[in-house]
Amino acid sequence: MNTVIAVPSLRRTTAHAAVLARRNLMSSIRRPDVLLLSTIQPIVFMLMFLYVFGGAIEFALPGAANGDYVNWLVPGILAQFAVFGASATAFGLNDDRTSGVLDRFRSLPMARSAVLAGRTTADLMRAAVILLLQLAVGILLGFRWQNGVLGLIAGVGLALAFCYACTWITATLGMVVRSTEAIQAAVYMVVFPLTLVSSVFLPTQTMPGWLQAFAEHQPITAIADALRGLMLGAGALPPGQTVAGQAMVALAWIGGITAICVPLAVRAYRRAAT
Amino acid sequence: MAEPIIEVDGLVKVFRGNVRALDGLSLQVEQGIVYGLLGPNGAGKTTLIRVLTTLLAADAGSASVAGIDLNADPQAVRSRIGLAGQFAAVDDYLTGRENVELVGRLYGFSRRDARQRAATVLERIGMLDVADRQVKTYSGGMRRRIDLAASLVGSPQVLFLDEPTTGIDPASRRSLWELIRHLLDDGTTIVLTTQYLDEADQLADRIAVIDHGRLVSEGTTADLKNRVGGTVLDLSVSQADRPNALAVLEEAVVGGVTVDPGRDTIVLPASDGVTTLYDVLGRLDRARITPTDVALHRPTLDDVFLALTGSVPGNEAAAGAAVGAGTDRETGADR
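Residues numbered from 1 in each chain as written. Chains lettered and ligands numbered in written order. Predicted model: local features only at pLDDT ≥ 70, side-chain atom pairs only at ≥ 80, totals over all residues. Heavy atoms only, no water.

- Per an unreviewed UniProt entry, the recorded name for chain B is ATP-binding cassette domain-containing protein, and the organism is Phytoactinopolyspora halotolerans.
- Its UniProt record gives chain B a comment under Subcellular location (unreviewed entry), which states: "Cell membrane".
- The Sequence similarities (unreviewed entry) field of the UniProt record for chain B holds the comment "Belongs to the ABC transporter superfamily. Drug exporter-1 (DrugE1) (TC 3.A.1.105) family." (UniProt positions renumbered as here; feature names shortened; annotations may be inferred.)

- Chain A is annotated in an unreviewed UniProt entry as Transport permease protein from Phytoactinopolyspora halotolerans.

If you want it as C-alpha cells, here you go:
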C-alpha cells in the first residue's frame, strides 16, 4: 500500500523539483531542432548588432570599451539574453497546462512550488549553456574583459541570477495567458522595447531627456551596466557610478523581482487549468 | 452498504457568470466498484471529478475520499488517488516508461521503487514491449493506456477516469474497457465519467445520471434500464393523428409514453421488443392510424433522460450551453 508522507518537507520538495527539472531537460534535449534554433538565435542576434551597428557607433563609446563595439555589446547582449532565455518558462508551463500535465501534477501529493521550481531550474540550466556559448562566440569576435577573471565570472553569475528572476515573471505569464500566440506577443511587446530603450546596444546619453530618464532606471539597463562594470571596470560606467554600487542596484532588482513574482507564480499555479 | 469510499454531500460550485456547475450534488460510492457518472456535455461531471481530485475547491457542501475530508487534508487525499483526465497527460518526448516512472517519483517513491512499479504497471497494461518508445510515436489508444498506467503507478485506492475513451477508435475503446474492468481485481474503486450509455453499461456497476449539476437518478445499470425499458420504440404520426395515437398508446403501454419535441416523435418503452411492436401497430391499425415512421432500438442516453426527466438534454439548448460554457475542461479545451 501507499507509504507516502502527507506533508511535503523541504527535502521532498527539492527532490520533486529535481525530478521535474530532469524531465524538462530530457524533453527539450530530445527536440534537437528546437534546441539548435534557440541556441543559434541569440548568437545571430549578437552578430547582427555587432556588424550592423558596430562601425557607426564606436565614437560614442566610453574609453573602457577600448574603442571596440564588441566590448560594449557583449555584456549588454548577455543581459538581453537573460530576459529572452527566461521566456521559455512561459511556453513550457503553458504547454503543460493545455496538455493536462499540470492537472496531473496538481493531483499528486507534492508541493505546489516543486513544479515551478523544476521548470525554472531546467530553463535556467538551458539558458546558462546558451549564455556561455554566446560569451564564447563574443570572445572569438574580439571581446576582451578588462577587470580580471573574477569580474567576468561575477558578471556571468549576475546575468544568470537575473535570468532566474525573470523565469518567475514568465512563469506567471505562462499560466495567466491562455494561448501560445498571446504569450509570444506579450514577450515581444515587453522585451523588445525594454531592451532597445536601455543601455544594451548604445549608451543612453544620446536619447532625448524623457526617454533617457526611463532607460536609465529600468532593470535591463541596471543589469547591463552592472555587467559592464564587472567585466570592463568602472571606466565603462556612466560618470559617478561605481562597479560595486551598480552591482548592488542590479541585485536589488533581482531580489525585488523574485520577491514579487515567486508568490504571484505560485498563486497562478494554484488557480491554473480551471 | 459497507462504509462508502467516497461521500459527496450537497456540493455546490458556481463559476463566473453565475453558472452552477454543481448544484447541491450528493452521492455515495461503495468500495471496489466501478461507478459511472453519466450525463451530457456540461452536466457537471468533470467539475465533480475536479473537486474530488483536489484540483478545484467547492463553494459549499462537503466531500470525503477514502475517509479523508477534502478540505481537511487534500495532500493525504492526493496520495490515495489516481487521475486520468480528458487528455492523455503525458510528455510526447519521453518514453512511455519514463512518463510512468516520473509520476511514480512524484508520488514519493524512490528511484528503484518507481522503476519497479512502472515495470509492473506497464506489464499489466500490456505496454511493456513498446514502453521504451517515445510517446509521440504512439497511437491515440496507446497514449490513453500510458496515461492510465501513470495514474495507476501509485496504487491508488480510488482511480478517477474522466471520459477515458473519448476520441479513440472503437477497437482501442473495447480493449480499454477490458483493461479497466480488470483493474477491479485488486480492490481499486473506479469513478469514471462518460457521455455514452453503452460505455456506462459496459463498465459501471452503479451509475449516477447527472444533469445541470444535480443528481437525476442513481442505481445499478439494471435499475436504470428497467426505468427506461430494455428496448425503445420511436413512433411518428401525422399531427392530426397525434391525440388519438397518444390515447391508444397510453392504453397499450402502462406509463412512460413521452413526446420528444426535438424530433417530434412519440417515444415509449417496448419491454417485450418485437411483441410490443406488433401489439402497438395492431392497436393503431384498428384506430385507423398509420404511422409515418417506426423504429425499435436499444435505449440511448437521450432515452434515459427522456424517461427520467421528461426532456432531452439537447433540447434545452440555452440552459445546456450556459452550463457548458462555465464548466472547466469541457470548454477550456479550445484547441
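## Some thoughts on the overall build of chain A
Here's step 1: Along chain A, the regular secondary structure elements total 11 helices and zero strands.
Here's step 2: Going residue by residue from the N terminus, the α and β elements of chain A occur as α-α-α-α-α-α-α-α-α-α-α.
Here's step 3: Whereas a compact globule of 274 residues would reach a radius of gyration of roughly 19 Å, chain A reaches 20 Å, a difference of no more than 12%.
Here's step 4: For the C-alpha atoms alone, the extent of chain A along its principal axes is close to 70 × 35 × 35 Å.
Here's step 5: Here chain A holds 274 residues, and the buried ones make up 55% of them. (Helix = DSSP H or I, 4+ residues; strand = E, 2+ residues; numbered from the N terminus. Rg over C-alpha atoms; globule rule 2.2 N^0.38 Å. Buried < 20%, exposed > 50% of the residue type's maximum accessible area, 1.4 Å probe, protein only.)

## Structural notes on the overall build of chain B
Here's step 1: Of regular secondary structure, chain B possesses 13 helices and 14 strands.
Here's step 2: Burial status across chain B gives 53% buried among its 335 residues.
Here's step 3: At a minimum sequence separation of 6, the contacts of chain B that also span at least 24 residues come to 69%.
Here's step 4: Split by element, the accessible area of chain B, about 14100 Å² in all, is 47% carbon and sulfur. (Contact = heavy atoms within 4.5 Å. Areas by Shrake-Rupley, 256 points an atom, 1.4 Å probe, with all protein chains shown as cover.)

## A look at the sheet that holds strand β3 (residues 34-38) of chain B
Residue and element names in this part refer to chain B.
Here's step 1: As summarised here, the arrangement of the six strands in space is β6-β7-β8-β3-β9-β10, forming an open sheet in which the pairing is mixed. Two strands close off the open sheet at either side, each with one partner strand: β6 (81-84) and β10 (214-220). The mean inter-strand angle of the sheet, taken between neighbouring strand axes irrespective of direction, is 15 degrees.
Here's step 2: Judged from the six bridges that link them, strand β9 (residues 206-211) and β10 form a sheet pairing that is antiparallel. Residue pairing across strands places I207 opposite G219, the latter belonging to β10. (Pairing = 2+ DSSP bridges. Axes fitted to C-alpha atoms, helices over the stretch in contact; angles between N-to-C directions.)

## Concerning the packing of aromatic side chains
All names here are of chain A.
Here's step 1: Per the counting criterion, the structure on display carries nine aromatic pairs over all chains.
Here's step 2: Ring plane angle 35 degrees and centroid distance 6.3 Å describe the contact between F45 and F192, whose orientation is recorded as tilted. Here the residue F45 occupies a position in helix α2 (residues 32-57), and F192 occupies one in helix α8 (residues 180-196), the gap between them amounting to 147 residues.
Here's step 3: Using a relative accessible area of 25% as the deciding quantity, one classes F192 as partly exposed.
Here's step 4: Seen from their ring centres, F49 and F201 are 3.9 Å apart, and the 25 degrees between their planes marks the pair as stacked. Placement of F49 in helix α2 and of F201 in the loop between α8 and α9 (209-216) is noted, with a sequence separation of 152 residues between them.
Here's step 5: Judged by its relative accessible area of 9%, F49 is buried.
Here's step 6: Judged by its relative accessible area of 3%, F201 is buried.
Here's step 7: Grouped by ring-pair contacts, the aromatic residues F45, F49, F53, F84, Y188, F192 and F201 constitute a single cluster. (Phe/Tyr/Trp six-rings, centres within 6.5 Å; stacked < 30°, edge-to-face > 60°.)

## Details of the pattern of salt bridges
Residue and element names in this part refer to chain B.
Here's step 1: Counted by the stated rule, this structure contains 16 salt bridges over all chains.
Here's step 2: Among the ionic pairs, D59 bridges to K13, the shortest N-O distance being 3.7 Å. In this pair, D59 sits in the loop between α1 (45-52) and β4 (60-65) while K13 sits in strand β1 (residues 6-15), placing the two residues 46 residues apart along the sequence.
Here's step 3: Given a relative accessible area of 46%, D59 falls into the partly exposed group.
Here's step 4: Given the relative accessible area of 11%, K13 is considered buried. (Salt bridge = Lys/Arg side-chain N within 4 Å of Asp/Glu carboxyl O.)

## Let's talk about the environment of B:R50
Here's step 1: Considering the arrangement of structural elements, one finds B:R50 in helix α1.
Here's step 2: Take B:R50: its relative accessible area is 3%, and that puts it in the buried class.
Here's step 3: Considering only alpha carbons, one finds B:R50 and B:R144, 94 residues apart in sequence, at a separation of 19 Å.
Here's step 4: Here A:D103 takes part through its side chain, which lies 2.7 Å from a polar atom of the side chain of B:R50. (Polar contact = N/O pair within 3.5 Å; in protein donor to acceptor, adjacent residues only side chain to side chain.)

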